[in-house]
Amino acid sequence: MVRKSCSNSSFSSIGALALIHAFVFVVDAHRAHSSWTTTSITRGAHSQLQIANQRSDNNNHNNLGPLLSSNHYLKESISGWGLSSLLGQRKNFLSSIAKLTNIRGGSSNEGDDESDSREVEVSEVDDDAKDGYNLNCDSNQADVQEANDSEEILLSKSSIAEGTEMGKERNKPTDKCKRDKESNNNDDERYSRQMYALGARAHSLVRSTTAILDGPLGAGFDFSKNPIKEDVRVDGADGFDGLNSEKKREYSREENPSGLLYEIAKNLALSGVGRIILVRGGDRDDGYFDGSLDDLGAAYRRSALAEIVRSSKEKNDFDDAENEESFGEVENEDYLDEMFDGLSDGAELLAEYIQRLNPGVQVDIISRSKLLHLLHKPERKGEKMNDDEDGNFDEEEFEDNQISLGTNPVVVCIDRSMTAQLEMNDACRRHSSTGKEQSYVPFVSVETAGVHARLFCDFGPHFVVVDEDGETPRSTLLDRIEAVDGGEGQLFTVHCLEGERHDVSRGDVIEFQRDNSDGMSVTLTFPKCQVVTVKSPTCFTVRGWAKEDDTVSNTSDSHSFDGLLEGAPLSFSKVKLPKTLSFSSLRDILYTSGDEETKSDCWDDDSIFAPSDLDKSFDPLRRKAVMSSMTALDMFVKKYGRLPLRPRSKNREDKEESIQKRTDLERFQSLLRKVAKPTTNQEKWAKITTQFANSCRAKFTPIQAFSGALGAQEVLKAATGLYNPVHQFLLYDCDEVLDNAKSENDDSDEDQTVVDMSPGQTYILGQSLSKKLASSRLFLVGAGAIGCELLKNLAAMGAGTDAKRGCIILTDMDTIERSNLSRQLLFRDHDVGEFKSAAARTSMLRFLPNCRIEAHTSRVGNEEDGPFDDDFWSSGCDVVLNALDNVEARLFVDSQCVANGLGLIDAGTLGPKGNVQVVVPHASESYGSSADPPEPDIPVCTLKNFPYEISHTIQWARDLFDGYFHRRPRQANDHVEEIANSDNLSNFAQSLVHKLGADAAVDMAEELGEDLGVFPFVVGGVDKSDPEYVQAVKIVCLNWAIFQAHRLFFVAMEELLQKHPVDSVDEDGAPFWSGTRRVPKPLRFIPLDSNEDEVSAQQIIINERIAQFVHSAARLRMESFLPVAESSEGQSLVSLEEALSALEEQALLLYKKGNTKKSSSDSSEENEGEKDPESIVLEKLNGAKTGASLLPELNLADFEKDDESNGHVAFVTAASNLRAIAYGIVPADAMETRRVAGRIVPAMITTTALVSSLSCLELVKVLKGLPLKLHRNAFVNLALPFFAFTAPLPAEEIAGVNGKTHTIWDRIVIKGSSKSPVESMTLRKFLSKVQKKASCGDEFEIANLSFGPFMIYANFLHSHDDELLDTPLIDIVKDAIISGDDGEDEMFSGDDANKDESVNNMTDEQMAALKKLKEKRFIDFSVMVESQETGEEFELPPIRLMNSEK
């Protein structure tokens, strides 16, 4: 406790600050500190303080002391200091602040005779819990826009959420200033994968975006009406443990929010939008949304409540324990009651949930009327608020008046009626900003009805798309450019280099790139050209490109068109040009001349419908039926105040319904006829519209997830101008799942548990499908981005809830990294470092408490031991969902699914691109039936001597990193003891030459000499805690780094040019340095005070690059020698100034008097040529002998791409760019280097969410047993947008004997018997059984028999080998594994001595294979049979030998 004295004279200027701090303490109280940090305040509090101080200065009579003493809320807050006071009393506090700061224009003078000094007890708070600014620290870059609008921002949800979230790490006190300074790095790390998809420009715009979400928010949590049911509890994961039993009752499903709203909010929050504004007040839409049939909304609500309640309860328990320990007693507050009082509104609940998804997103709440007011008129700062009619302060109005739309707003209507959409879209069209011309706020509306979805975009009449696809233009190498007579102007024919193909089309604009060996930044010195004609994949013609309103482009460039003919350009690439799109408003599209009574036939206009399904989108009848049904649905709700009900089956009609004149379906069809009528194919029209009417009341989770991904992506497009937006409608449906759907809600055999968890799904697809989902065993491989989305969808669909059999088996061996948090909704900041599968299970149970889910950390693979054995694959799962990131694991899972007849659904993403492939058992081809071509490897000669792309130099630098800082330290550690204990190194030298060869042995000895020979030349012994030793190591490492720079970028280039001079020719007489071979330029450091003429602007850039290389190389080299603790602050080990100083000193020694033609290593190499290899190796090893005697242990560095502070990417960037300059390649920045070197796959939450939704849709089809033609493989590109849905290819028919065919799914099963058990079944008996089972007869003979890669029988070798034929088949298989032979005859020689030797020399892999063979449930063999008559061979289906012991 700290006591602060506040006098009347000073209170008016600091009183608001004290009260704001009091509020912050209430929010963030953690543990006591020795002082009160008066400068740490939240963003909202800071802005409120500015308003308070400004208005307080205008009123010198404002006296806050008496009011402070008399206000009951402030007394309670300041004395209690618990989060419990915050949410329950928030309104009173805001009212008090309004009075104290004279917001209402009055002043408080009561209590003037009170004491001039009052003591206020305040409780200190851990600053780590605050999500705000320290005024002495740098602000977060992500909050720059928020700071600009600070005068208008009320205390937002972002300023209190941190205080209610309690992870283990958050309880630890940290340095607040340091944390704020590092926030930018954490922000970059969180969004690193998205940055590679969007780019830095677009990502910064996303961070400044305000997304305004208007949708059904549902109810929050109010104990007085809907407390929690007492028995809701699973492993404590639901977060409801510890509630008073009398307060646990059921809540109504009608209070569920829109799952689509939560889905879009989740996608935008994880994408990192700067602010989300939630819109209250959708009363006009009463009846348009039914929360009781929104499974996804119910799941999100369960998860939000569970997470918020549990984390807040943990925080309260922690605070109580801390306070009790410090002060001996704790005030007993009814914490949860007050906590839920603050969450009684659905908007508050969603806001709190968003904050847990991403604490860096600010969340505000505004009334619908105020939002429309802001959209209709320019925003004005400092607008005075009005009291209500009774003169009381209105908190909601106070909040609304502080909210600004920001500079980059986007409005989204979600599951709203057409009337609400029109009203909001009209307001966006009329929006204008102060002092500017009218600006249009982009508008997006998304809604789902059963299995149908519709998205609409209006981005204004002049929306600029900066980049349509986000792809980096590919650079194509040039062979030559020729001038031709173009009639109207000069034309040029462009020829690509041999082996290169261009990607240009007629009308494209291209630019040429020049040699960049001078290291200068790239400047377009050639005129841009436009493609006139394309002659071939390697040749096309161009002319000078003229911009709009220009006659000729770029004529003033330093290189005129003549420069193109001189061979200066080396390559070309396409130029991306912005394009402007014109959007119409929703009203203008739907109604003629804006008259709502005159509806237009908008469905006939192909230009306003983006295709989403090649089979359905171009069907005008379907489009007309769906659009008309959406309009009729809106009319139905307007007329009847509710959504239409599906007719019940006749046997369930009650008396009330039996006397109805018309069903809701008939009413709907009547309204539909007023909108549109079919002109053709009335049967198809009736089917589409009837299915729509019967399912529109409920929400289907996969459709909601699909629509949520699309809607969020369109918001990002509107905010950034990146990617091509939907223009203007997009319709999608999956009505194929309704085939054979029994959805009459028959209660005769109803499982109430299933109905409760997924009533919307049951309403649409029937009880049978929901039961199948609940009772199926689903194997989810991977808990990353796609895995998290799948789990969330499965939870909403009620998967794994059958207590008898249903289960979700989840496995992932990876741990959570911070970069995962922008795509994986199940993880939070405090989960970083935990296993993904374990954390995902805990989060999954919040969505679906009664789900049975197993979490494993085992790898799935053929060589792995673990829970996924043959028994698991044969009976432990029903369907497999792949969420993997590598092809090898996918192929293994695919092979197991084919072998065991399991369904498989595979999904993957790459930036905005995604794909889904479904493998239908016994019907479709498998994942492994077709494969993408492998990515071409970079040839070694290209990497070593002839790079021509930046990826080549980056890969070279990455290999250099691994060699310097991982391979060489490990090599030294492996041999240090051997060298130290060797009395005579001659034997060691001889063994090196014998094992490695002369050249490799010399290289290794030289490296050992460098790495171990360092230690004798530093100060005294190896005392790594001695500052003098550290300084000595620094000097040695700087000299080593300078030597490496000289050797890599000067000596190596000189040697290559000496071997291949610039004017040399190849064997065919063509110039050697042509095509992809670029002439290297040796680089060296030349001090600025040098007398040489070479010190130019280009040389200055080269000097800087070399200094960066030396700096990063020396730093990492030091970390190899110093203990980890000493090197943890690696950035301070070597400074750039020290590197420059060392370079200048060494440069004078190396290059004085122009002695640059030959280094000291050249002369030594000449002398070494006269010695034998062993002598050279021995000489170099002698330098390592003394250092090795000290038995040092070097640290190994594993390349870590995501840690900016470790210097790994800095080294690779410096080395790569130096080599790029030497070869005339455009250098890359650190971001691009990190992507290539770290093999980073760009990723976006929107793409992930979309492919996951499609995977769940295919899962439904697999469980329903739909025919193959109704399944869909998908390839999508959200950037274009492009959707390709195709039916899976059927399994290939393989020709067999007697005209029969089989597929990969077929098996011939051989079982043992009591007379012939499997263990003793001979090869002869097995072949006889195969021939009989396959119905081969005497016309065919078994040609060969194989087990994996081992051929264990061939008729031309073994048909008369009785010894082999009478050997048990299992023993033959074991012998094949032991021998490791894949087909040679020696394995059947019967030489026992050779077999014994093979057993004794078995590798670990062979021993593991024998062990797995014994445990296998069955063994598959490949068999070829041969026609006795024609000699033609046929392949039989795999022969499966069942293990009788299993």
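Throughout what follows, the structure given in this document is the object of discussion.

1. As for the overall build of the protein chain
Next up, step 1: Scanning the protein chain from N- to C-terminus turns up 51 helices and 36 strands.
Next up, step 2: Of the contacts formed within the protein chain by residues at least 6 apart in sequence, a portion of 76% connects residues at least 24 apart.

2. Focus: the sheet that holds strand β20 (residues 729-733)
Next up, step 1: The strand order across the open sheet built from 8 strands is β7-β6-β5-β8-β9-β10-β20-β19, with neighbouring strands paired in mixed fashion. Where the open sheet ends on each side, the last strands, each with one partner, are β7 (362-367) and β19 (609-610).
Next up, step 2: Note: strand β6 (residues 275-280) against β7, 6 bridges, orientation parallel. Directly across from Val279, in β7, lies its bridge partner Ile366.
Next up, step 3: Running at roughly 95 degrees to β20, helix α21 (residues 620-640) makes contact with β9 (443-449), β10 (452-458), β19 and β20 of the sheet.

3. Focus: the packing of aromatic side chains
Each aromatic ring pair is characterised by the separation of its centres together with the angle its planes make.
Next up, step 1: Following the criterion strictly, the structure yields 41 aromatic pairs and no others.
Next up, step 2: Relative to Tyr353, the ring of Tyr300 lies with its centre 6.0 Å away and its plane at 75 degrees, an arrangement referred to as edge-to-face. Pair noted here: Tyr300 is in helix α14 (residues 295-327) and Tyr353 is in helix α16 (residues 346-357), with a separation of 53 residues, a long-range link. Grouping residues by exposure puts Tyr300 and Tyr353 together as buried.

4. Focus on the pattern of salt bridges
Next up, step 1: Taken as a whole and assessed by the stated rule, the structure comprises 59 salt bridges.
Next up, step 2: Across the salt bridge formed by Glu307 and Arg828, the nearest N and O atoms sit 2.7 Å from each other. With Glu307 in helix α14 and Arg828 in the loop between β22 (807-811) and α30 (836-847), the pair connects residues that are 521 residues apart, well separated along the chain. Neither residue differs from the other here; Glu307 and Arg828 are each classed as buried.

5. Describing the sheet that holds strand β27 (residues 1273-1277)
Next up, step 1: Taken in spatial order, the 8 strands make up an open sheet running β23-β22-β21-β24-β25-β26-β27-β28, and their pairing is mixed. Two strands in the sheet have a free side with no partner beyond their single neighbour: β23 (853-856) and β28 (1282-1286). Across the sheet, the axes of successive neighbouring strands diverge by a mean angle of 10 degrees, strand direction being ignored.
Next up, step 2: Bridge count between β22 and β23: 4 bridges; the pairing is parallel. Of the residues in β23, the one forming a bridge with Ile808 is Ile853.
Next up, step 3: Lying on the sheet, helix α32 (residues 887-900) is in contact with β24 (879-882), β25 (903-910) and β26 (913-919); it crosses β25 at an angle near 165 degrees.

6. Some details on the pairing of strand β12 (residues 476-485)
Next up, step 1: Bridge count for β12 against strand β17 (residues 571-574) is 2 bridges, and the pairing is antiparallel. Bridging across to β17, Leu477 finds its partner in Ser571.

7. Considerations on a nonpolar patch on the surface
Next up, step 1: A cluster of nonpolar residues, Phe1275, Leu1280 and Phe1282, forms a patch on the protein surface that exposes about 240 Å² of accessible area.
Next up, step 2: Along the chain, Phe1275 falls in strand β27.

8. A short note on the nonpolar core
Next up, step 1: Counting residues in hydrophobic clusters, the biggest one holds 129 residues, and the most contacted among them are Leu213, Leu268, Ile276 and Phe700.
Next up, step 2: In terms of residues, this core owes the most to one element, helix α45 (residues 1245-1264), which gives 11 residues.
Next up, step 3: Not counting residues within four places of it along the chain, the set of residues in contact with Ile276 comprises Ala211, Leu213, Ala265, Leu268, Ala269, Ile354, Val361, Gln362, Val363 and Asp364.
Next up, step 4: Ranked by size, the runner-up nonpolar core spans 81 residues in total, among them Cys1037, Ile1106, Leu1133 and Leu1194.

9. Regarding a positive patch on the surface
Next up, step 1: On the surface, Lys639, Arg662, Arg673, Lys674 and Lys677 cluster together to form a positively charged patch.
Next up, step 2: As for its position among the elements, Lys674 is in helix α23 (residues 664-675).

10. Thoughts on helix α35 (residues 985-996)
Next up, step 1: Its 12 residues give α35 an end-to-end C-alpha distance of 16 Å, which sits within 8% of 16 Å, the value for a rise of 1.5 Å per residue.
Next up, step 2: All of the buried residues in α35 are Leu985, Phe988, Ala989, Leu992 and Val993. The arc that holds every buried residue of α35, seen down its axis, measures 135 degrees, which confines them to one face. Residues of α35 that are exposed and point more than 90 degrees away from the buried face comprise Asn987, His994 and Lys995.
Next up, step 3: One or two positions beyond α35, positive phi appears at Gly997, with a value near 95 degrees.

11. A short note on the environment of Phe1285
Next up, step 1: Residue position: Phe1285 is located in strand β28.
Next up, step 2: The exposure class assigned to Phe1285 is buried, which follows from its relative accessible area of 5%.
Next up, step 3: With 673 residues separating them along the chain, Phe1285 and Ser612 place their C-alpha atoms 8.6 Å apart.
Next up, step 4: Those residues in contact with Phe1285 that lie beyond four places of it in its chain are Ser612, Asp613, Tyr732, Leu1254, Arg1272, Asn1273 and Ala1274.

12. Structural notes on helix α49 (residues 1369-1379)
Next up, step 1: Residues of α49 that are buried include every one of Leu1369, Ile1370, Ile1372, Val1373, Ala1376, Ile1377 and Ile1378, and no others.
Next up, step 2: Looking one or two residues past α49, Gly1380 carries a phi angle of roughly 70 degrees, positive in sign.

13. Things to note about the pairing of strand β14 (residues 509-513)
Next up, step 1: For β14, the tally of buried residues reaches 5 of 5 residues, placing the bulk of the element in the interior.
Next up, step 2: Here β14 shows two buried faces, one formed by Val509, Glu511 and Gln513 and the other by Ile510 and Phe512.
Next up, step 3: The pairing of β14 with strand β15 (residues 529-536) spans 2 bridges and is classified as antiparallel. By the bridge assignment, Ile510 is partnered in β15 with Cys529.
Next up, step 4: Summarising the sheet, β14 and β17 pair through 4 bridges and their orientation is antiparallel. What sits directly across from Gln513, in β17, is Ser571.

14. So, the side chain of Gln704
Next up, step 1: If you trace the backbone, Gln704 turns up in helix α25 (residues 701-720).
Next up, step 2: For Gln704, the contacting residues outside a window of four places in its chain are Gly259, Leu260, Glu263, Asp294, Leu296, Thr448 and Lys699.

15. Considerations on the environment of Ala796
Next up, step 1: Its place among the elements puts Ala796 in helix α29 (residues 785-796).
Next up, step 2: Taking C-alpha positions, Ala796 is 6.7 Å from Thr701, a pair spaced 95 residues apart along the chain.
Next up, step 3: Beyond its immediate sequence surroundings of up to four residues, Ala796 is in contact with Asp295, Leu296, Ala299, Thr701, Met757 and Ser758.

16. A look at the state of the cysteines
Next up, step 1: Under the counting rule described, the total for this entry stands at 0 disulfides.
Next up, step 2: The thiol sulfur of Cys807 is not disulfide-bonded, and the nearest other cysteine sulfur, from Cys851, lies at 7.2 Å.

The rules behind the values
- Residues numbered from 1 in each chain as written.
- Predicted model: local features only at pLDDT ≥ 70, side-chain atom pairs only at ≥ 80, totals over all residues.
- Heavy atoms only, no water.
- Helix = DSSP H or I, 4+ residues; strand = E, 2+ residues; numbered from the N terminus.
- Contact = heavy atoms within 4.5 Å.
- Pairing = 2+ DSSP bridges.
- Axes fitted to C-alpha atoms, helices over the stretch in contact; angles between N-to-C directions.
- Phe/Tyr/Trp six-rings, centres within 6.5 Å; stacked < 30°, edge-to-face > 60°.
- Buried < 20%, exposed > 50% of the residue type's maximum accessible area, 1.4 Å probe, protein only.
- Salt bridge = Lys/Arg side-chain N within 4 Å of Asp/Glu carboxyl O.
- Patch = residues over 30% accessible without salt bridge, like charges linked within 9 Å, V, L, I, M, F, W, Y side chains within 5 Å.
- Areas by Shrake-Rupley, 256 points an atom, 1.4 Å probe, with all protein chains shown as cover.
- Core = buried A, V, L, I, M, F, W, Y, C linked by side-chain atoms within 4.5 Å.
- Lys, Arg positive; Asp, Glu negative; His and termini not counted.
- Charge placed at Lys NZ, Arg CZ, Asp CG, Glu CD.
- Expected span 1.5 Å × (residues − 1).
- Arc of directions from axis to C-beta.
- Disulfide = S-S within 2.5 Å.

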